[in-house]
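Secondary and tertiary structure notes
What follows is each chain in one-letter form.
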Amino acid sequence: MKMKTFTAIALAVTMAAPPAFADLVFPSLSYRTGPYAANGIPFADGYEDYFKLINARDGGIGGEMVKVIECETGYNTEKGVECYESTKGEGALVYQPLSTGITYQLIPKSAADGIPLHTMGYGRTSAANGKVFNTVFNYPANYWNGASAVVNHLLEINDGDIKGKTLALVYHNSAYGKEPIRTREELSKKHGFELTLLPVDHPGQEQKSQWLQIRREKPDYVTMWGWGVMNATAIQEAANIRYPMENFIGVWWSGSENDVKPVGDKADGYKALNFHGVGDDYPLYDDLKKYVYDEGNATGAGDQKGTVLYNRGMYAAMLAVEAAKKAQEIHGVSDITPQQMRDGMEALEITEDLMTELGMPGFGPSFKVSCENHGGPGLASVNQWDAKAGQWKQITDYSESDMDVIGALIEEDSAAYAKESNVEEACS
Amino acid sequence: MPAEFWYGVEVLLNGLMAGVMYSLVALGFVLIFKASGIFNYAQGVMALFAAQTLVGIQTGLVPFSHMINAMFGTKIHHFGWNVPTFAAILLTIGVMVLFAIIVEKLILKHLVNQEPIILFMATIGLAYFLEGFGDLMWGAEIKKLDVGIPQGGNVWVEESTAFLGGDDFYGFYLDTLDIYATVIAIVLVASLVLFSQYTKTGRALRAVADDHQAALSVGISLRTIWVIVWSIAGFVALVAGVMWGAKSGVQFSLSLIALKALPVLMLGGFTSIPGAIIGGLIIGVGEKMFEFLIGAPFLGGATENWFAYMLALIFLIFRPQGLFGEKIIERV
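Quantities reported herein were computed from a predicted structural model and do not represent experimental measurements.

Helix and strand content of chain B: 13 helices and zero strands. In chain B, the order of α-helices and β-strands from amino to carboxyl end is α-α-α-α-α-α-α-α-α-α-α-α-α. In terms of overall size, chain B behaves like a compact globule, its C-alpha atoms giving a radius of gyration of 21 Å where 332 residues would be expected to give roughly 20 Å. For chain B, the C-alpha atoms occupy an extent of roughly 65 × 65 × 40 Å along the three principal directions.

The following block contains the structure:
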């Protein structure tokens, strides 16, 4: 009897006590294999290298060391969910799924488990409404900001008038690729341009029909919403039909070195959006060199520094670290929980001074997150590929997207989600 | 004739060119299936591996450098030299022959007389192994492949046909790379046909294809034939990998071109080299014309992938063995 009682008490204590974690855990749902590996590798390397820097230089976040758990998803939704399930018990503070498909599957799980998701520049756009998507954040910019930013750039280079212009959208024929269509249709009505939709099936190695159509119809501008091999193939086909590269603009997932380098010199002048800095001319890189690279601790092959997607991974990690610091500040504890991390993300404020202090002056826009707005300001810049120099050049400042159009669409879509999922809109 | 008609002709010509590219992939499948009854699932990955190896050798990449660097803390990536394209192609062919020998020694030898489904499963395993092995050996980043074949719309064709359809017609667009691919495919097929008809080894290949037991009884070495046929399939994979890799860079998705070969095989038959060519052309023209006439204007586009399979299925209903496939008659 005594033994039974002892066992029951021990079991109850074990189950009631929160698990003890030594570190702040940031899982990395990476893809170093499969059709999108070339893009998954630099992001994962940048993400992990930043945390290595924080550990080596600062002794972690608020005295707590950071632990990165990498889990290979292969950009496969099922594997991504498996990764989430297998790592959440380790004390995961925030997930960056780096896939819209995985994000959609994780949204209800994240709400149930109280573990925040950060889907920077991808995922479900209407998650910007924090009153509905309490645990999902997509700052500093989302898909619809991107769809609008391209149009804004065209307005800028056409003295504010694109009425009667023709605009083709070459997009990945998937949920991801279809994201900008609704926004573009609304913007088409507003600005009077003609929109042509050209879907490309996965993986996108074959686009002859689409580009023959572009050659026949000669749209004034071609915009792209692609990923992986689709991007390089599209840029190659554009070069083949001698389409003017400066009139060809991709979203930020169609604007890495992997997309232009295989095309060579003919990719010169191609434009793509971005929501962060390019290259390695930032003081932060000096610290990375000193504390990470020179110590032989660079993640992966250590050959990705300064690339667009490496910088994006690094930026995502920086935003996670700053949110963790904010959470520690709000709750007065260093060993934060995922729920506290969520609070930190919702109270995150990125200023120019902070970016300078972090060694990333001008690397990203200033913004403030709130319960009403988990999506940030939606600022984007335009980059242009300089084939001769072999690098992207930022040719515009970060500028605003059309929030009149986007805000209404976000309200509509998030309200529909709230209704179908029985979510009550509220700020905690 | 109105411009729209000539644009239709342009789509047809581009469909033929695309068909040639599909045929190049389908050929590898046919060769192995004909000689050994194996549906080689790894053919697409072989094309990727061959292209990766060619770029690796050409640009002087150190094989397994990522692994070596991770294990020994070194920072080696390149040998510091570039190998001329022709020499790199020869060396790559050597690697593919070595690959064929290894496949025979480690896999096929142990599976003689096994059911076709077991051999098929073995090639699935081989595909996944080769996929990872290729990335480990040469890295997963997208590589630019340059074998000196020009790419882009052929200006001469464009300018000399621009008069056909009035001001709204810009001349036929034909990619120079596709024109080269067509010529190379013609030479390749002619060589394969001549090889199998007029050489001793070619006749042995055909004998094995007809009847393994009978071929063995007259002294033909099945194992040697398998090495030869996998080597030839490796060479065909290299040609397909080069042509596709030059279009979109050498990267993982190259292995998915095998998916484009399946409807071609269903249509042309698994055992006929001319079938692979004709099947490729029918699929290429069919899908491009359907997209041009119906898909893009009425169905929202992106119809090519499913239309190719639908076309093949329609053929299957009327001719299950494919256009040129051998009809299998099994008697009790």
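That was the structure; now back to the text.
Residues and elements named next belong to chain B. In terms of burial, helix α11 (residues 258-268) is a largely internal element, nine of the eleven residues being buried. Here α11 has its buried residues at Ala 258, Lys 260, Ala 261, Pro 263, Val 264, Leu 265, Met 266, Leu 267 and Gly 268. Where α11 is buried, its residues contact α1 (3-36), α2 (43-58), α12 (273-298) and α13 (304-318). Phi turns positive, to about 95 degrees, at Gly 269, one or two residues after α11.

Turning our eyes to something else, we now look at the nonpolar core. In this structure, Ala 47 and Val 229 of chain B are the most contacted members of the largest nonpolar core, which totals 226 residues. If one sorts the elements of this core by residue count, α1 of chain B sits on top with 18 residues. Looking at this core, you find at least three residues from each of domain 1 (12-141 + 278-377 + 408-420) and domain 2 (143-274) of chain A. In this structure, Val 229 of chain B is in contact with Leu 31, Ile 32, Ala 35, Ser 36 and Leu 205 of chain B, ignoring residues within four places of it in sequence.

This part covers the environment of Val 278 of chain A. Residue and element names in this part refer to chain A. Mapping Val 278 onto the fold places it in the loop between β9 (271-274) and α10 (283-293). Considered as a pair, Val 278 and Lys 393 are 115 residues apart in the sequence and their alpha carbons are 7.3 Å apart. In this structure Val 278 touches Val 308, Asn 311, Asn 383, Trp 392 and Gln 394, once residues within four positions along its chain are discounted.

How big an interface is tends to be stated in terms of the accessible area lost upon association of its parts. The partner chain B presents 37 residues to the 35 residues of chain A that form the contact. Listed by contribution, the elements that provide at least two residues to the side of chain A that touches chain B are α2 (37-58), β6 (194-200), α7 (208-217) and α8 (229-240) of chain A. Of the residues assigned to the side of chain A that touches chain B, the class counts are 15 nonpolar, 13 polar and seven charged.

With that settled, consider the environment of Ile 350 of chain A. Residues and elements named next belong to chain A. Tracing the backbone through its elements, the reader meets Ile 350 in strand β10 (residues 349-350). Look at Ile 350 and you get buried, because 24 C-beta atoms sit within 10 Å. It is 9.9 Å that separates the C-alpha atoms of Ile 350 and Pro 140, two residues lying 210 residues apart in sequence. With sequence-adjacent residues up to four places away left out, Ile 350 is seen in contact with Glu 322, Met 355, Gly 364, Ser 366 and Phe 367.

The description of two packed helices rests on the angle between their axes and on the distance between the axes. With their axes 11 Å apart at the nearest point, α7 of chain A and α1 of chain B run at an angle of 155 degrees to one another. Between α7 of chain A and α1 of chain B, the angle falls in the class roughly antiparallel. In this structure, α7 of chain A crosses over α1 of chain B, and the sense of that crossing is right-handed. Contacts between α7 of chain A and α1 of chain B involve Lys 208, Leu 212 and Arg 216 of chain A from the former and Tyr 7, Glu 10, Val 11, Asn 14 and Ala 18 of chain B from the latter. Among the residues making up the contact of α7 of chain A with α1 of chain B, the classes are represented as four nonpolar, one polar and three charged.

This part takes up the sheet that holds strand β12 (residues 381-386) of chain A. All names here are of chain A. Spatial ordering of the open sheet is given by β6-β5-β7-β8-β9-β12-β13, a layout of seven strands whose pairing is mixed. Of all the strands in the sheet, the pair left with one neighbour each is β6 and β13 (391-394). For this sheet, the mean inter-axis angle between neighbouring strands, taken without regard to orientation, is 25 degrees. Of the strand pairs in this sheet, strand β5 (residues 166-172) and strand β7 (residues 221-225) are connected by five bridges, and their pairing is parallel. Within β7, the position partnered with Leu 169 by the bridge is Thr 223.

A few words now on the packing of helix α6 (residues 175-191) of chain A against helix α14 (residues 403-420) of chain A. Residues and elements named next belong to chain A. For the pair α6 and α14, the least separation of the axes is 10 Å and the interaxial angle reads 140 degrees. Relative to α14, the element α6 lies oblique. Seen along the crossing, α6 lies across α14 with a hand that is right-handed. The segment α6 lies against α14, with Arg 182, Thr 183, Glu 186, Leu 187 and Lys 190 engaging Val 405, Ile 406 and Leu 409. Class assignment of the residues belonging to the contact of α6 with α14 gives a composition of four nonpolar, one polar and three charged.

Residue and element names in this part refer to chain A. Splitting chain A by domain gives domain 1 (12-141 + 278-377 + 408-420) and domain 2 (143-274). Tallying the contact residues gives 15 residues for domain 1 and 20 residues for domain 2. Contributing elements (two or more residues each) for the side of domain 1 that touches domain 2: α2, α4 (100-113) and α11 (308-331). Here the side of domain 1 that touches domain 2 is built from residues that sort into nine nonpolar, six polar and no charged.

What follows covers the environment of Gly 228 of chain A. Along the polypeptide, Gly 228 of chain A turns up in the loop between β7 and α8. Judged by local crowding, Gly 228 of chain A falls into the buried class, with 29 C-beta atoms found within 10 Å. Each C-alpha atom, one on Gly 228 of chain A and one on His 172 of chain A, is 9.8 Å from the other, the two residues being 56 residues apart in sequence. Sequence-distant contacts of Gly 228 of chain A, defined by excluding residues within four places in its chain, comprise Pro 35, Tyr 36, Asn 39, Pro 203 and Gly 204 of chain A together with Ser 253 of chain B.

To continue, consider α10 of chain A. All names here are of chain A. Of the positions making up α10, those classed as buried are Leu 284, Leu 288 and Val 292. For α10, the angular spread of the buried residues around the axis is 45 degrees, confining them to a single face. In α10, the exposed positions angled more than 90 degrees off the buried face are occupied by Pro 283 and Asp 286. At its buried positions, α10 is contacted by α2.

With that settled, consider the confidence of the model for chain A. With 95% of its residues at a pLDDT of 70 or more, chain A shows a mean pLDDT of 93. Taken as a whole, residues 13-21 of chain A scores under 50 in pLDDT and shows two contacts with residues more than four places along the chain or in a different chain.

Definitions and cut-offs
Residues numbered from 1 in each chain as written. Chains lettered and ligands numbered in written order. Predicted model: local features only at pLDDT ≥ 70, side-chain atom pairs only at ≥ 80, totals over all residues. Helix = DSSP H or I, 4+ residues; strand = E, 2+ residues; numbered from the N terminus. Rg over C-alpha atoms; globule rule 2.2 N^0.38 Å. Buried ≥ 20, exposed ≤ 12 C-beta atoms within 10 Å, placed from the backbone. Contact = placed C-beta atoms within 7 Å. Core = buried A, V, L, I, M, F, W, Y, C linked by C-beta atoms within 7 Å. Domains from an automatic or database assignment. Nonpolar A, V, L, I, M, F, W, Y, C, P; charged D, E, K, R; others polar. Axes fitted to C-alpha atoms, helices over the stretch in contact; angles between N-to-C directions. Parallel < 35°, antiparallel > 145°, perpendicular 65-115°, else oblique. Left-handed = near helix turned anticlockwise from the far one by under 90°. Pairing = 2+ DSSP bridges. Arc of directions from axis to C-beta. pLDDT = per-residue confidence, 0-100.

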